[in-house]
Amino acid sequence: MRVQLRKPPIDGNFLVKITVHAAQQALGGHQTAPRQEIVPFFAGLNRLMYYTLCRVAERAGVARKEPRQLITDPDFWHEFSAAAVDVKVKPGQSIAKIEKFLFKVCRELVKKRYAQKDPDNARHADLVALFMFNFWNATGLLPMAQAW
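For the structure given in this document, a descriptive report is provided here. Nothing here was measured: the structure is a model prediction, and the numbers come from that model.

What to know about helix α5 (residues 125-139)
Piece 1. In this model α5 runs 21 Å from its N-terminal to its C-terminal C-alpha over 15 residues, within 8% of the 21 Å that 1.5 Å per residue would give.
Piece 2. Taken together, the buried positions of α5 are occupied by A125, V128, A129, L130, F131, M132, F133, N134, F135 and W136.

A short note on helix α3 (residues 74-85)
Piece 1. Look at α3: 17 Å from first C-alpha to last across twelve residues, which is about the 16 Å you get at 1.5 Å a residue.
Piece 2. Those residues of α3 not exposed but buried are F76, W77, F80, S81 and A84. The buried residues of α3 occupy an angular sector of 130 degrees when projected down its axis, which confines them to one face. Residues of α3 that are exposed and point over 90 degrees away from its buried face: P74, D75, H78 and V85.
Piece 3. If you check the start of α3, you find a side-chain oxygen 3.2 Å away from the backbone N of D75, and it comes from D73.

Considering the pattern of salt bridges
Piece 1. Scanning all chains against the criterion turns up seven salt bridges.
Piece 2. Of the charged contacts, one joins K112 and E79 as a salt bridge, the two residues approaching to 3.2 Å between their closest N and O atoms. On the criterion of sequence distance, the pair formed by K112 in helix α4 (residues 95-117) and E79 in helix α3 is long-range, its members being 33 residues apart.
Piece 3. Overall, the relative accessible area of 23% leaves E79 in the partly exposed class.
Piece 4. D126 serves as the salt-bridge partner of R107, at 2.7 Å between the closest nitrogen and oxygen. Here D126 lies in helix α5 and R107 lies in helix α4, a separation of 19 residues in the sequence.
Piece 5. Judged by its relative accessible area of 21%, D126 is partly exposed.

Let's talk about the side chain of D118
Piece 1. Within the secondary structure, D118 is located in the loop between α4 and α5.
Piece 2. Judged by relative accessible area, D118 falls into the buried class, the value being 8%.
Piece 3. Here the side chain of D118 touches N121 through a polar contact of 3.0 Å, side chain to side chain.
Piece 4. Dropping the residues within four chain positions of it, D118 is found in contact with R59 and R113.

With respect to the packing of aromatic side chains
Within a pair of aromatic rings, the relevant descriptors are the distance that separates the centres and the angle that separates the planes.
Piece 1. Across all of its chains, the model carries eight aromatic pairs by this definition.
Piece 2. Residues F131 and F135 carry aromatic rings whose centres are separated by 6.4 Å and whose planes lie at 25 degrees to one another, so their mutual orientation is stacked. Linking F131 with F135, this pair stays in helix α5, spanning four residues, or about one helical turn. Here F131 and F135 have matching classes, each one buried.
Piece 3. Taken together through their ring pairs, the aromatic side chains of Y50, Y51, F131 and F135 make up a single cluster.

Quick word on a positive patch on the surface
Piece 1. Taken together, the side chains of K90, K97, K100 and K104 define a basic patch exposed on the protein surface.
Piece 2. Among the structural elements, K104 can be located in helix α4.

Things to note about the side chain of R113
Piece 1. Topologically, R113 is positioned in helix α4.
Piece 2. Take R113: its relative accessible area is 5%, and that puts it in the buried class.
Piece 3. Here R113 is in contact with A60, G61, V62, D73, D75, F76, E79 and D118, once residues within four sequence places are set aside.

Calculation rules
- Residues numbered from 1 in each chain as written.
- Predicted model: local features only at pLDDT ≥ 70, side-chain atom pairs only at ≥ 80, totals over all residues.
- Heavy atoms only, no water.
- Helix = DSSP H or I, 4+ residues; strand = E, 2+ residues; numbered from the N terminus.
- Expected span 1.5 Å × (residues − 1).
- Buried < 20%, exposed > 50% of the residue type's maximum accessible area, 1.4 Å probe, protein only.
- Arc of directions from axis to C-beta.
- Polar contact = N/O pair within 3.5 Å; in protein donor to acceptor, adjacent residues only side chain to side chain.
- Salt bridge = Lys/Arg side-chain N within 4 Å of Asp/Glu carboxyl O.
- Contact = heavy atoms within 4.5 Å.
- Phe/Tyr/Trp six-rings, centres within 6.5 Å; stacked < 30°, edge-to-face > 60°.
- Patch = residues over 30% accessible without salt bridge, like charges linked within 9 Å, V, L, I, M, F, W, Y side chains within 5 Å.
- Areas by Shrake-Rupley, 256 points an atom, 1.4 Å probe, with all protein chains shown as cover.
- Lys, Arg positive; Asp, Glu negative; His and termini not counted.
- Charge placed at Lys NZ, Arg CZ, Asp CG, Glu CD.

So, to be careful, I would describe these as geometric facts and stop short of saying anything about function.
What follows is the structure, given as structure tokens:
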């Protein structure tokens, strides 16, 4: 939905925020578990989402999960970098606008990878594109791509 609404692809840790909000809405006021059971669930949600999305990204062939880190697939990064060079950037264009253009490139490449490697799970393409794009931003790869 976020992609369809053309919201910014990078907005803090919004993937976790969206999930926490949905879980809180689902619980509503009907939560009967003690606080010491609820707090650890929400505290561990970020890590749980990270490991889950790492595995989903692996199935698409866009990344590889190592014991202590996620590694972007070198071929995928090369494809992204080559396509990013073709993005038309006007002088004085805002960083947010450039990020949107680069996200579109990432999204199309992720969709293509899913079509090739895991077509049964292509419905996850938007989520994985958001995950990878935010991962690149958090690790400093995205600013490096923007500098090209």
